[in-house]
Amino acid sequence: MGRRAATVQSSIRADPSRNLPLLQPSSVDDGGPQTEPREAGALALAPVPVKTSATLEATLPDDYALAPEEDLLARAARARRSLGDDALVLAHHYQCDEVVAFADATGDSFKLARHAARSRSPFIVFCGVHFMAETADILTRPDQAVILPDLAAGCSMADMAHVRQVEDCWEALREAGGGATVPITYMNSSAAIKAFCGRHGGAVCTSSNARRLIEWALGRGERVLFLPDQHLGRNTAHAMGHPLESMVVWDPALSMGGLTPGALRAARFVLWKGHCSVHTRFTLEDVHRFRAAHPEGRVLVHPECTFDVVQAADCWGSTEYIRRVLDEAEPGSTWAIGTEIHLTNRLASEHPDKSVRSLSPVMCLCATMYRIDPPHLCWALESLVRGEVVHRVSVPTEVAAEAVVALERMLEIA
Ligand code: 13P
Ligand code: SF4
């Protein structure tokens, strides 16, 4: 893995005056070079820290940016052991193997959100992307801190919907008339958009429960505003039996989303014009090429892929579903997988009795997931042992209070 001396946004000394978790002086368990001695399990929290959005500019220290990877992994392992139950390490399936090796739990975004919600650990080191860490922060107590080892690990799809654009769309829907709209946001969105959905009677969904959440929404209103991934929305609604003609796409770059009031009024689904730049690289030609070479093979894709690819696939679902299908597949079977390359490669090495490859000849890599690497993970873990919280993801209390409503609806329904 390459080294990145990334600029990051937050390195906050744990300090009760900042209302952040307070750690007692601590060390890795063999007294490694980065830390002061401490007894394992001696972490202590300040009383009732308040969620804030404070961030400070900080750069990955040279000690981490320049150290050999094997040293960093050994140091991170010592720090992890030293932290014991005071830390929970969660990793999304797209994380690289070196990071997954540290995970107490892996999963899709729904499974990881549930792990965070049930955790009692004072520190949750979230190896994933920013919206996942925000979700964990919203679902945990104020005296738990969620740490994203590199704050630059964002999601380009989540960035495709800004809450002010969503408010404009909402106003246009209201003016168009034609019955109540229920907003459903994919987990891959900012906390502000989750709060918008909580405020307007909507909910969050993930790729593993979008169908149930859309059913729920249609039981409450005439129309669903689905954001920010048009593909997950279209693929799911179509699989539920809704024709493509019942869907319109709202383009936030255009006035009135590029739609007339009549088109908005008639639509059952208003799909936000957002997409995943990784999953939209899989094409129908990829499916045809694979099928020509492997007529007996099966195509398994994520629902962030485009409609034509999902229609041509044998099966589709969340990253956890993709894992399960491969686990249950018969030995000797052949698979083309339409999802991020780290998961595909891991599935290939975990199933040597099956033939597993990427659906695409080009490398479909999520560059932001890949920002969580051994230097940043080691920094986050050793900092905790030293008594510092670097890269805490902290959702402002007033945003979290509305976002949790939308998230809890999902947890109840899914
Ligand atoms: P899953 O919830 O299926 O893991 O998807 C999250 C994601 O970002 C896929 O690109
Ligand atoms: Fe976002 Fe796509 Fe990366 Fe998933 S794979 S985190 S949707 S950019």
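For the structure itself, look to the data block above.
Nothing here was measured: the structure is a model prediction, and the numbers come from that model.

Quick look at the site of ligand 2
Taken together, 13 residues form the shell around ligand 2, and within it Cys155, Met157, Cys276, Val278 and Cys366 come nearest. In the shell around ligand 2, the residues fall into seven nonpolar, four polar and two charged.

A few points about the sheet that holds strand S14 (residues 315–316)
With parallel pairing, four strands are arranged side by side in an open sheet as S14-S13-S15-S16. Both edges of this open sheet fall to S14 and strand S16 (355–358), since each of them pairs with a single strand only. Alignment of strand S13 (residues 298–301) against strand S15 (residues 334–338), held across four bridges, turns out to be parallel. Within S15, the position partnered with Arg298 by the bridge is Trp335.

Things to note about the pairing of strand S4 (residues 87–92)
Across a regular strand the side chains alternate sides, sitting on one face of the sheet and then on the other. With six of its six residues buried, S4 lies for the most part within the structure. By the alternation rule, side chains of S4 split into Ala87, Val89 and Ala91 and Leu88, Leu90 and His92, which are all buried. Pairing analysis gives five bridges linking S4 to strand S6 (residues 123–127), with the strands arranged parallel. Of the residues in S6, the one forming a bridge with Leu88 is Ile124. In this sheet, strand S5 (residues 105–107) lies alongside S4 in parallel orientation, the contact comprising three bridges. The partner of Leu90 across the bridge, within S5, is Ala105.

The rules behind the values
As a convention, each chain's residues are numbered from 1 in the sequence order in which they are written. Working convention: letters from A go to chains and numbers from 1 go to ligands, in the order in which they are written. With pLDDT at 70 or above as the cut-off, local features in this predicted model cover only qualifying residues; side-chain atom pairs require 80 or more to be listed or tallied, and sums for whole chains, interfaces and linings still use all residues. For each residue, a C-beta atom is placed from the backbone, and the residue is labelled near a molecule or strand when this atom is within 6 Å of it. Each residue receives one of three labels: charged for Asp, Glu, Lys and Arg, nonpolar for Ala, Val, Leu, Ile, Met, Phe, Trp, Tyr, Cys and Pro, and polar for the others, Gly being one of them. Note: two strands are recorded as paired if DSSP finds a minimum of 2 bridges between them. Per the convention used, a helix needs a DSSP run of H or I reaching at least four residues, while a strand needs a run of E reaching at least two, with both numbered from the N terminus. Burial in this document is a count-based property: other C-beta atoms within 10 Å of a residue's C-beta are tallied, and the residue is buried at 20 or more, exposed at 12 or fewer, or partly exposed in between, with C-beta positions derived from the backbone.

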